[in-house]
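# Coordinates in review
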Amino acid sequence: MRISIVGTGYVGLVSGVGLAEVGHDVICVDVDQAKVDLINKGVPTIYELGLEELLTKNVGTRLTATTDLRSAILSTELTLIAVGTPFNGEQIDLTYVREAARQIGEVLADKDGYHTVVVKSTVVPGTTADVVLPTLEAASGKHAGADFGVGMNPEFLAEGAAVVDFTSPDRIVVGGIDDRSRDALAGLYASFTHATVVRTDTTTAEMIKYAANSLLATMISFSNEIGNLCAAVGVDSVEALAGVHLDKRLSPMAADGSRVSPGFLSFLAAGCGFGGSCFPKDVRALIAFGHAYGSPMPVLDAVIATNERQPARMLELLRRRVPELDGARVAVLGMAFKPGTDDIRESPSLPVTHALLDAGAVVSAYDPIARSMAEPVFDGEVRFEDTLEDAISGVDAILVMTRWQHFERLPELMRETGSSAAVIDGRRLIPKTAVEHYEGIGL
Ligand code: NAD
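Report follows, based on the coordinates. Everything numeric here is computed off the predicted structure, so don't read it as measured data.

Turning to unusual backbone geometry, a few remarks are in order. Phi at Glu346 is positive, roughly 55°, even though this residue is not glycine. Residue Glu346 is classed as partly exposed on the basis of its relative accessible area, which comes to 42%. Located in the positive-phi region is Arg428, a residue other than glycine, with phi close to 50°. Looking at the element boundaries, Arg428 is found in the loop between strand S13 (422–425) and strand S14 (437–440). Of the residues examined, Arg428 reaches a relative accessible area of 14% and is grouped as buried.

This is the structure in structure tokens:
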């Protein structure tokens, strides 16, 4: 199929590359000329394992990027909208979605033949039917269903594993206003034969995405609440939650007694809080949406409240070992909100680092991938180092903020360099007895 993708960020680029790889002709559209130029040169604008390889393989043949939305719509049969949907403090901000729909609609006015427009951005239930569809109709002067199709296809890729998640999906939600729209959308994924396909209306498709993200965020805050209680009563949450994981409904048992250990269990672990461009904003947007419908969401209110308190726990643990932070030298390991990505949006590392600076600490930082994203945030106040060794050299304390595998060698490195710095482990990555002075979340 010939498809266009409006918005070439994390989701748009990974989707574009993934769909080109399975044989579609893809035009990625973005308003950012610099992004478009890099993509056309085969340079990924974000870090994801495997992305560069697939991009260089497909760019110039099955994948091109452009700022020219009009020509992209005119020369394709289906368009995915993958623009950002931030939370504006009160509710989901649909500015970019509305604008993309308006621009697409204006082109549809001049286009002969049927075209399908699919929302891939995460939008609150009802948005495709009540905002995108009328915007397309108003801008095109045409009728949804008769002249063009409208679909909703939420994206479930997780940053850090985005390429694998996109190319080997567990489910494909095909939401549409009618069968013709759903058939067109399903055609995109015809070669993804292993995934379960859910055919539904657009509003259910939107709800599935929010319910899925809210469940995972809830598991994290639940674990953090248990972890904080464990710490208060002198129990190690790693041990306690490992016992919980053995419930056969969480880790099913094979006939020989061996266990299947689902990825889901990684959400049932205490840590310094969730971040990223999805969970915080999506949970907040769903809470606001619930209130607007007269359906309060106290569980999700608590999910956010618990998550917002978690970064401060890192400072509390640090003060146990280094009571006076003014002038203390502290290394922050990890700026990305999770390993495998350069995304720092809403990363707990940001409030923790700002709090350290406010307290007068001298902060060095290291992240194997996210440095270029994080460095500008601190305006020269944080010394970003090229290596883990340099970041921890001469410091009083080390904060482990991101679960980068790379940091597992910290105890060995500290032994080699004779460092006796306190390690404050926000991800429970380091064995608690592997360093002399250790504090861990949920311990
Ligand atoms: P992003 O901010 O990385 O990218 C959005 C892109 O859209 C930007 O490059 C921006 O320049 C471009 N854009 C905005 N308006 C445009 C327009 N009118 N025409 C062309 N380009 C335009 O966002 P993202 O992280 O890719 O997220 C996109 C959507 O997907 C959001 O709704 C998000 O919630 C959802 N989502 C994200 C992830 C994730 O892991 N990042 C996963 C699943 C779903």
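Okay, back to it.
Take the environment of Met219 next. Within the fold, Met219 resides in helix H9 (residues 202–233). C-alpha separation for the pair Met219 and Gly257, spaced 38 residues apart in sequence, amounts to 26 Å. Every residue in contact with Met219, bar those within four places of it in the chain, is listed here: Phe264, Phe267 and Leu268.

Okay, helix H8 (residues 179–188) next. Those residues of H8 that sit buried are Ser181, Arg182, Ala184, Leu185 and Leu188. Across the axial projection of H8, the buried residues extend over an arc of 160°, all falling on one side.

Time to look at the site of the ligand. Around the ligand sit 26 residues in total, of which Asp30, Lys35, Thr85, Glu159 and Lys281 are the nearest. In this structure, Thr85 approaches the ligand through a side-chain N or O atom, which is 2.5 Å from an oxygen atom. Within the backbone of Thr122, a nitrogen or oxygen atom sits 2.9 Å from an oxygen atom of the ligand. Burial of the ligand by the protein amounts to 89% of the accessible area it has alone, namely 830 Å². Listing elements by their share of the shell around the ligand, those giving two or more residues are helix H1 (10–21) and helix H5 (95–108). Residue composition of the shell around the ligand, by class: 10 nonpolar, nine polar and seven charged. The residue makeup of the shell around the ligand includes at least three contributed by each of domain 1 (2–199) and domain 2 (212–304).

This brings us to the packing of helix H11 (residues 279–292) against helix H12 (residues 298–321). Where H11 contacts H12, the two axes come as close as 9 Å, and the packing angle between them is 145°. Between H11 and H12 lies a crossing of left-handed hand. Seen from H11, the contacting residues are Pro280, Val283, Arg284, Leu286, Ile287 and His291; seen from H12, they are Leu300, Asp301, Ile304 and Glu308. In the contact of H11 with H12, the residues fall into six nonpolar, one polar and three charged.

Here we have six strands laid out as an open sheet, ordered S11-S10-S9-S12-S13-S14, and parallel in their pairing. Each edge of the open sheet carries a strand with a single partner, namely strand S11 (383–384) and S14. Both strand S9 (residues 329–333) and strand S12 (residues 397–400) contribute to a ladder of four bridges, which runs parallel. Following the sheet pairing, Val332 is matched in S12 by Leu399. Helix-sheet contacts for helix H16 (residues 410–417) involve S9, S12 and S13, and the interaxial angle to S12 is about 165°.

Rules of the game
- The numbering scheme is per chain: residues are counted from 1 as the chain's sequence reads.
- It should be noted that, the model being predicted, local features are given only for residues of pLDDT at least 70 and side-chain atom pairs only at 80 or more, the latter also being counted only at that level, while totals for whole chains, interfaces and linings use all residues.
- Side-chain calculation: all heavy atoms of the structure are included, whereas hydrogens and water are not.
- When a residue's accessible area, from a 1.4 Å probe over protein chains only, is under 20% of the maximum for its type it is buried; when over 50% it is exposed; and in between it is partly exposed.
- Only runs of H or I of at least four residues qualify as helices and only runs of E of at least two qualify as strands under DSSP, and these elements are numbered from the N terminus.
- We call two residues in contact whenever any of their non-hydrogen atoms come within 4.5 Å of each other.
- This arc corresponds to the set of directions leading from the helix axis out to the C-beta atoms.
- Throughout, the term near means that a residue has one or more heavy atoms lying within 4 Å of the molecule or strand in question.
- Two N or O atoms form a polar contact when they lie within 3.5 Å of each other; inside protein one atom must be a possible hydrogen donor and the other a possible acceptor, and for residues adjacent in sequence the pair counts only when both atoms belong to side chains.
- The Shrake-Rupley method, run with a 1.4 Å probe sphere, supplies the accessible areas, and residue values consider only the shown protein chains as cover.
- Residues are grouped as follows: Ala, Val, Leu, Ile, Met, Phe, Trp, Tyr, Cys and Pro are nonpolar; Asp, Glu, Lys and Arg are charged; all remaining types, including Gly, are polar.
- The start and end points of each domain follow an automatic or database-based domain assignment.
- Only the stretch in contact is used when fitting a helix axis, every axis being a line fitted to C-alpha atoms; angles between N-to-C directions are given from 0 to 180 degrees.
- Note on convention: near helix rotated counterclockwise from far helix by under a right angle means a left-handed crossing. Clockwise means right-handed.
- Should DSSP find at least two bridges between two strands, the strands are taken to pair.

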